[in-house]
Amino acid sequence: MLSGIAGVAADEAVDLVLVAGDLFDVSAPSAESERIVYEALLGLARVAPVLVVAGNHDHPKRLEAVAPLLELGRVTVVALPKRADEGGVVRFPDLDTRVALLPFLSQRAIVNADDLMALDPDQHDGKYAGRLGAIIGKLTNAMGTDQVNIFCSHLTVHGGVMGGGERTAHVFPYAIAAQMFPGSLSYVALGHLHRLQKVPAPAPVWYSGSPMQLDFGEVDDTKGVLIVEAEPGLPATVREVSLGAARRLIRLRGTLEQIETFAGTTDDAYLKIELDEPARAGLADEVRDLFPYAVDVVLAAQADGRSRPRAAARLGRAAPELFREYLEHRNVDDGRLAALFDALLEQTYEA
Ligand SMILES: [Mn+2]
């Protein structure tokens, strides 16, 4: 998958590679994850210089620590915000190009404690957007049309369409208007939203999206990379190159009888199966026997979400009665479970 991206970069003979984050999905990645990511970056750097901004899941100080080593392999990593003249803008005179690099900035980094206490939540959003806009201005104000001007960052713009896999706490409500990117920018490369998309703005603003489907909410997304062609004074032209999916994710929903008809047709795709069936013991195992790559088997009724019975109504009632009520609530139609519960409860009392 990741070597496939280096293959595209080589085939297209690109001059620069932009990686808008996230590199990792947790702030303390496993050694294996680090090996895969750093190998991939160095593989890309064999084709062209690589520029990276950290995302919200990346640990900024951890990345800053390895940045000097990656720099030796012509991978430039910006994990903490930097002034234009201190690494925030990287110049490539041979390419007539400059690139502003702005890593993810959390609301904590930008809205101070005083503001958090004093303002309404939607005012925090305004403060965040205003200050981020000022930072974008600082990094881009000096950019004339004599060169290709690129902005690379990890953030949310209003109007962007989410893939299914973002952790929502980091996606909303802190977002900026795409209009904050000035028309003098030839191209804006963004990371954070998992769906590949163009965002309406005075400059070409694109999310490349994640290179593969990251969860079952993204089964319908196309995954790929963007090839950008730019020259000074003009908006860049952008082309999508899709990547062969590593392994497809498929979601199936129906009764057991309906689902059974798909057995043997899903190759090696990972499956999420939502059953329109009352619950009973052993149901998930039956499904897994039919679909060895089922990673998630759930009851559709549970997947849709149900409210829990109110706690107060449980006071002073016997456990067997409450358990039967719970089973009914969860649409479990299996007398063996209630009997097993009674037997276990009996043992507990006798012990
Ligand atoms: Mn992110």
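What you are looking at is a predicted structure, and each value in this text was computed from that prediction instead of being measured.

Enquirer: Is there a simple way to explain the overall build of the protein chain in this structure?
Expert: A count of helical and extended segments in the protein chain gives 12 helices and 14 strands. Burial statistics for the protein chain: of 351 residues in total, 28% are counted as buried. For the protein chain, the share of sequence-separated contacts (at least 6 apart) that also reach a separation of at least 24 residues comes to 61%.

Enquirer: How should I be thinking about the nonpolar core in this particular structure?
Expert: The tendency in soluble globular proteins is for nonpolar side chains to be buried as a group. Membership of the largest hydrophobic core comes to 59 residues, with the highest contact counts inside it found for Val-17, Leu-51, Val-52, Cys-152, Val-188 and Ala-189. Residue contacts for Ala-189: discarding those within four places in its chain leaves Leu-18, Ala-20, Ile-150, Cys-152, Trp-206 and Ser-208.

Enquirer: Even after reading the chapter, I still don't get the environment of Asp-334, so can you show me in this structure?
Expert: As for its position among the elements, Asp-334 is in the loop between α11 (319-329) and α12 (335-350). Here Asp-334 falls in the partly exposed class, since 15 other C-beta atoms lie within 10 Å of it. Each C-alpha atom of the pair Asp-334 and Pro-278 lies 8.7 Å from the other, and the pair is 56 residues apart in sequence. In this structure, Asp-334 is in contact with Ala-279, Arg-280 and Ala-281, ignoring residues within four places of it in sequence.

Enquirer: When you look at unusual backbone geometry in this model, what are you seeing that I'm missing?
Expert: Excluding glycine, most residues fall at negative phi; most peptide bonds, likewise, are trans. Put simply, Gly-21 and Asp-22 share a cis peptide bond, and its omega is -5 degrees. Locating Asp-22 in the fold gives a position in the loop between β1 (17-19) and α2 (31-45). Although it is not a glycine, Ala-13 sits at a positive phi angle of roughly 50 degrees. In this structure Ala-13 comes out as exposed when scored by C-beta crowding, with 8 C-beta atoms within 10 Å.

Enquirer: In this structure, what is going on with the sheet that holds strand β4 (residues 89-92)? I would like to understand it.
Expert: Within a sheet, neighbouring strands are paired by backbone hydrogen bonds and run either parallel or antiparallel to one another. Taken in spatial order, the six strands line up as β4-β5-β6-β7-β9-β8 in an open sheet, and their pairing is mixed. The open sheet is flanked by β4 and β8 (197-199), the only strands paired with a single partner. The average undirected angle you get between the axes of adjacent strands in this sheet is 20 degrees. Sheet topology note: the β8/strand β9 (residues 205-207) ladder contains three bridges and is antiparallel. Bridge pairing links Val-199 to Val-205 in β9.

Enquirer: Just checking my understanding: could you explain the environment of Val-238 for this structure?
Expert: Structurally, Val-238 can be placed in strand β11 (residues 237-242). Among the residues examined, Val-238 registers 16 C-beta atoms within 10 Å and is labelled partly exposed. In this structure the C-alpha to C-alpha distance between Val-238 and Pro-204, which are 34 residues apart in sequence, comes to 8.4 Å. For Val-238, the contacting residues outside a window of four places in its chain are Pro-204, Trp-206, Leu-226 and Val-228.

Enquirer: Quick question: what am I supposed to make of the sheet that holds strand β2 (residues 50-53) here?
Expert: Reading across the sheet, the three strands line up as β1-β2-β3 and stay open at both edges, with parallel pairing between neighbours. Two strands close off the open sheet at either side, each with one partner strand: β1 and β3 (75-78). The average undirected angle you get between the axes of adjacent strands in this sheet is 15 degrees. With four bridges joining them, β2 and β3 adopt parallel strand pairing. Bridging from a neighbouring strand, Val-50 pairs with Val-75 of β3.

Enquirer: Explanation requested: the packing of helix α1 (residues 2-11) against α2 in the structure shown.
Expert: The geometry of a pair of packed helices is captured by two quantities: the angle between their axes and the separation between those axes. Two elements in contact, α1 and α2, have axes whose closest approach is 9 Å; the angle formed by their N-to-C orientations is 10 degrees. Put simply, α1 runs roughly parallel to α2. Residue-level inspection shows Leu-2, Ser-3, Ile-5, Ala-6 and Ala-9 of α1 in contact with α2, the latter providing Ile-36, Ala-40, Gly-43 and Leu-44. Tallied by class, the residues present in the contact of α1 with α2 amount to seven nonpolar, two polar and no charged.

Enquirer: Please explain the packing of α11 against α12 as it appears in this structure.
Expert: The contact between α11 and α12 brings their axes to 10 Å, and the two run at 155 degrees. Classified by the interaxial angle, the pair formed by α11 and α12 is roughly antiparallel. In this structure, α11 meets α12 at a crossing whose hand is right-handed. Touching Ala-319, Pro-320, Phe-323, Arg-324 and Leu-327 of α11 are Leu-337, Ala-338, Phe-341, Asp-342 and Leu-345, all from α12. Of the residues in the contact of α11 with α12, the class split is eight nonpolar, no polar and two charged.

Enquirer: Help me understand the pairing of β11, please; the structure alone is not making it clear to me.
Expert: Two faces, one strand: in a regular strand the side chains alternate between the faces of the sheet. Of all six residues in β11, zero are buried, a share of ten percent or less. Here six bridges tie strand β10 (residues 224-229) to β11, and the two strands are oriented antiparallel to one another. Residue pairing for β11: Val-228 is matched across the bridge by Val-238.

Each value, and the rule that gives it
- Residues numbered from 1 in each chain as written.
- Predicted model: local features only at pLDDT ≥ 70, side-chain atom pairs only at ≥ 80, totals over all residues.
- Helix = DSSP H or I, 4+ residues; strand = E, 2+ residues; numbered from the N terminus.
- Buried ≥ 20, exposed ≤ 12 C-beta atoms within 10 Å, placed from the backbone.
- Contact = placed C-beta atoms within 7 Å.
- Core = buried A, V, L, I, M, F, W, Y, C linked by C-beta atoms within 7 Å.
- Pairing = 2+ DSSP bridges.
- Axes fitted to C-alpha atoms, helices over the stretch in contact; angles between N-to-C directions.
- Parallel < 35°, antiparallel > 145°, perpendicular 65-115°, else oblique.
- Nonpolar A, V, L, I, M, F, W, Y, C, P; charged D, E, K, R; others polar.
- Left-handed = near helix turned anticlockwise from the far one by under 90°.

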